[in-house]
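Letter by letter, the chains look like this.
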Amino acid sequence: MHLDDIENETAPRVEQYLSKIKVIRRIAHKIIDFLAQIEDFQKKLWLKKKFVVETSYCIRLGVIPDEFYPEIAANDAQREEWVRLYAIDEIKGDPTTPGYSVPLSVEFLKTHPMMIVDTRHFSPRFSAQVLQVLDKVDGITDGVLIHAENFQALALIQKCYRDQVECVYIDPPYNTGLDGFPYKDKYQHSSWLSMLLDRHTLAHSCMAPGGLIWQSIDDTEEHRARLALESIFGAHNHVSNVIWEKKYTRANDAKWFSDNHDYIFVFAKDKANARLSLLPRSEEQEAAYSNPDNDPRGPWKATPLHAKSGTETNFAYTFRNGITWSPPPGTYPRYSKETLAHLDERGEIWFGTDGRATPARKSYLANVKQGVVPVTIWPYEEVGHNHEAVNELKALFPSNPFANPKPTRLLKRIISLSCSDLIIDYFAGSGTTGHAVINLNREDGCERRFVLVEQADYFDKVLVPRLKKVTLTPEWKDGKPVRPPTSEEAERSPRIMKVIRLESYEDTLNNLELHRTEAQQSLLDSPQAQGADGFREQYLLRYMLDVETRGSQSLLNVSAFMDPTAYKLKVKRPGSDESREVNVDLLETFNWLIGLRVDHIAAPRTYSAAFRRDDDPDLPANAPRRLLLDGRLKEDPDGPWWFRTVTGTTPDGRRTLVIWRKRPGGEEPEGIECDNLVLDEWFKKQGYSSKDNKFDLIYVNGDNNLENFKATGDTWKVRLIEEAFFRLMFEMEGV
């Protein structure tokens, strides 16, 4: 019905139209309510911090104590990986040096301390024992490699890295239609920009006040990419646009121009606090300084006394040796008469080797900056080109398994200019950023760390193997090491690289379970709940998804925390539709959620205990008896009570103890009583006390009887892991 038709219709007909409109409107509101429920639920699933479903450590062999070498030498999976990565099967022995063998010998391992041990090839027991003997675990972890969608990774690491990152480099999909970025045709630019904006926002909160973000891009989305950065960082924090000459040849088959450059946008979180390092002077620039007159102040170069512009009135000046100077026509004096007199007295004017040449000032190398200011055009001779990047990867992987890498020289320049000891790349690709950090650390001895995020299958095929290879030695050819590292290079190589894999959004969806209790069903079936706009209808349209998925494994089933080692999720295998059930790493997930800088991770220890009731004769016969241990708490490899601790420091500087335990007693009152008595005895046995100042925070899973105190800020010292886990996993601050 059109509004104009009302004048031509009878009253009954108009009334009929209005009735239909009201029905359509009621149905539309119900549809809107239901769609809003679905969208809100999807948003909740997307923004939820994702579980760590696997943690492994790539540890330089020389960092691991010798006591573990026999088990490492006997591990066939590790040996086979070293054959693939390092070609160790080609190492021949001699009377003084052990060669390759099956199995490997301990002596062979000791001869090759730079090889990377991947705990993924070993049992959880081995990994836990190695971690236990390493002190300041996070302090010696030089790289974190995260296999995850980058939004999810950035959301999880917020607590740990907030306001700390000084250099962010990203090389996102260029949205050319050739990079596999999925979008709807009509929304290609908006989808691409939305993807960048979400991640820029999270990266911004991780960055230090003086941090810099560098983004590579080409002409396709150059103008939109800059607008995206400006919207998050502010136009006033734009530092520069660098032009990188990415090719060294002309494309004569190009329709218009040979595309020989990319852009690199540079933005600061706060330009007032940001700074750039200087580039080292080239040999050519150094050669401009000499000392022909043996000046005790060192090398110098002659600079003119005139300038192209100025405010000084033209004048003539006579120096002490009788030579009169005036600026050439069309130029101005660079210095006043007083300054010229001062320079003349100090012997800082050069008159040539014969003493009669046009005077010039001696500018001393010792007085100039210890480097040169970078320019915005970076030629390939200085920072490499695309073909060089391909050749770098081919030297490591002859099959060339990754398209369009960046050269390490380009990343080395970006990182060295950023004055940074922590670098994040959340479009990590083949791992060039990590490779560049390793190379730089070997060159200058700095201890930069890197965090790389990548979700594609080349995380396992290229990125991780690449970093394992370049840790062994810096020089490769045809996939094999050219030489061993020098002692200095070895000392400056990564010690530990932690590899974590996160639950994906699809995994979250696949692990949802709808559960309706009998009480809920009874309420929904009640006569009072029926009818249009009744309770049943409102529940189904607005609340059902949120209520009935509670307790799903992917939405945090806290009841499963009774055994922290057995929290399971069905996780999709990368590159396939097949899912497998894995044990979630609750310990690692919680460390990231609270932002813990880990000092020590203890190996699990198990105990057994017997119990008795207090037989105090003074108590009435029907009075409840206190539960006591019958004897001592005994360490027992088969004992049901399991404990594992993590110690470290939170971002606000509080010393923290995290206690994970199995609760074999379950939720029955007597079982809870037994579990908590064991916890109390174990706590005292470790020498812990809630009263002392050793720890500012203590986290424990499960209700407990540990003595609690109000800490600074009117907060409790002893806290439940489950409560903190739930709050932080669904917290939207900064996301």
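Residue numbering note: each chain is counted from 1, following its sequence as written. Given that the model is predicted, a residue must reach a pLDDT of at least 70 before its local features are reported, and side-chain atom pairs must reach 80 or more before they are shown or counted; all residues, however, enter totals for whole chains, interfaces and linings. No hydrogens and no water enter the side-chain calculation; it runs on all heavy atoms of the structure.

Considering the overall build of the protein
Part 1: Comment: elements are numbered from the N terminus, with helices defined as DSSP H or I runs of at least four residues and strands as E runs of at least two. Scanning the protein for helices and strands turns up 24 helices and 33 strands.
Part 2: Its C-alpha radius of gyration of 34 Å places the protein more than 25% over the 27 Å reference for a compact globule of 735 residues.
Part 3: Judged by the C-alpha coordinates and their principal axes, the protein covers about 120 × 105 × 55 Å.
Part 4: For each residue, the accessible area found with a 1.4 Å probe, counting protein chains only, is set against the maximum for its type, and the residue is called buried under 20%, exposed over 50%, and partly exposed in between. Considering the protein as a whole, with its 735 residues, one finds that 47% of them fall into the buried category.
Part 5: Here a residue-residue contact requires only that any non-hydrogen atoms of the pair lie within 4.5 Å. Here the analysis covers contacts within the protein between residues at least 6 apart in sequence; of these, 72% occur between residues at least 24 apart.
Part 6: When the accessible surface of the protein is summed, it comes to about 37100 Å², and 51% of that surface belongs to carbon and sulfur atoms.
Part 7: A residue counts as positive if it is Lys or Arg and as negative if it is Asp or Glu; His and the chain ends are not included. A charged residue contributes its charge at one atom only: NZ of Lys, CZ of Arg, CG of Asp or CD of Glu. Distance between charge centroids for the protein: 2 Å, based on 95 positive and 110 negative side chains. All radius of gyration figures rest on C-alpha atoms, and the globule criterion is 2.2 Å times the number of residues raised to 0.38. Note on areas: these come from Shrake-Rupley sampling with a 1.4 Å probe, and a residue is covered only by the protein chains present in the view.

Observations concerning the sheet that holds strand β2 (residues 116-118)
Part 1: Strand pairing is assigned whenever DSSP identifies at least 2 bridges connecting the two strands. The mixed open sheet is built from 11 strands, whose spatial order is β2-β1-β20-β3-β17-β16-β4-β5-β7-β6-β15. The outermost strands of the open sheet, each flanked by one partner alone, are β2 and β15 (377-378).
Part 2: Bridging between strand β16 (residues 422-425) and strand β17 (residues 449-454) involves 4 bridges; their strand directions are parallel. Looking at the pairing, isoleucine 423 lines up with phenylalanine 450 of β17.

Quick look at the side chain of glutamate 548
Part 1: Its location among the elements puts glutamate 548 in helix α21 (residues 544-548).
Part 2: For glutamate 548, a relative accessible area of 4% corresponds to the buried category.
Part 3: Side chain to side chain, glutamate 548 and tyrosine 539 meet in a polar contact 2.7 Å long. A 3.5 Å cut-off defines polar contacts: any pair of N or O atoms within that distance qualifies, except that in protein one atom must be a possible hydrogen donor and the other a possible acceptor, and neighbouring residues in sequence count only when both atoms are side-chain atoms.

Let's talk about the nonpolar core
Part 1: Nine residue types can take part in a nonpolar core, namely buried Ala, Val, Leu, Ile, Met, Phe, Trp, Tyr and Cys, and a core is a set of them joined through side-chain atoms within 4.5 Å. Ile72 and Phe725 are the most contacted members of the largest nonpolar core, which has 149 residues in total.
Part 2: Considering each element in turn, this core owes the most residues, 7 residues, to helix α16 (residues 458-472).
Part 3: Here phenylalanine 725 is in contact with Phe51, Leu556, Phe561, Leu586, Thr589, Phe590, Leu593 and Trp660, once residues within four sequence places are set aside.
Part 4: Ranked by size, the runner-up nonpolar core spans 20 residues in total, among them Tyr607, Tyr688, Val700 and Leu706.

Thoughts on the pattern of salt bridges
Part 1: Only one rule defines a salt bridge in this text: a Lys or Arg side-chain nitrogen within 4 Å of an Asp or Glu carboxyl oxygen. By the definition in use, this model includes 52 salt bridges.
Part 2: Here lysine 684 makes a salt bridge to glutamate 681, at a shortest N to O gap of 3.4 Å. Of the two residues, lysine 684 and glutamate 681 are both situated in helix α23 (residues 669-685); the distance of 3 residues between them amounts to about one turn of the helix.
Part 3: When its relative accessible area of 27% is taken as the criterion, glutamate 681 is described as partly exposed.
Part 4: Connected through salt bridges with shared partners, the residues Asp293, Asp295, Arg297, Arg346, Glu348, Arg361 and Lys362 form a single ionic network.

Quick look at helix α15 (residues 432-444)
Part 1: Expected helix span is computed as 1.5 Å times (number of residues minus one). Along its 13 residues, α15 runs 18 Å from first to last C-alpha, staying within 8% of the 18 Å computed at 1.5 Å per residue.
Part 2: Taking burial as the measure, the 13 residues of α15 include 11 buried ones, the bulk of the element.
Part 3: Taken as a whole, α15 has its buried residues at Thr432, Thr433, Gly434, His435, Ala436, Val437, Ile438, Asn439, Leu440, Asn441 and Arg442.
Part 4: A positive phi of about 80° marks glycine 445, the residue just after α15.

Comments concerning unusual backbone geometry
Backbone phi values are negative for most residues with the exception of glycine, while trans is the configuration of most peptide bonds.
Part 1: That bond from valine 102 to proline 103 is cis: its omega, -5°, falls within 30 degrees of zero.
Part 2: For proline 103, the location among the structural elements is in the loop between α3 (76-86) and α4 (106-111).
Part 3: Phi at asparagine 400 takes a positive value of approximately 50°, unusual for a residue other than glycine.
Part 4: For asparagine 400, the position within the fold is in the loop between α13 (386-396) and α14 (408-417).

As for the state of the cysteines
Part 1: The definition used for a disulfide is geometric: two cysteine sulfur atoms within 2.5 Å. Taken as a whole, this structure holds 0 disulfides when the rule is applied.
Part 2: Cysteine cysteine 419 shares no disulfide, and the gap to the nearest cysteine sulfur, in cysteine 167, comes to 9.8 Å.

A closer look at the pairing of strand β29 (residues 655-661)
Part 1: A large share of β29 lies buried, amounting to 6 of its 7 residues.
Part 2: Counted along the chain from strand β28 (residues 641-649) to the antiparallel partner β29, the turn is 5 residues long, and its residue glycine 653 has a positive phi close to 90°.
Part 3: Where β29 lies against strand β30 (residues 697-700), 4 bridges are found, and the strand directions are parallel. Bridge pairing in β30 links threonine 656 to leucine 697.
Part 4: Handedness of a crossover is defined as follows: orient the strands so they point away from the viewer, and if the path from the first strand over the helix to the second runs clockwise, the crossover is right-handed. For the handedness criterion, the β-α-β arrangement of β29, α23 and β30 is classed as right-handed.

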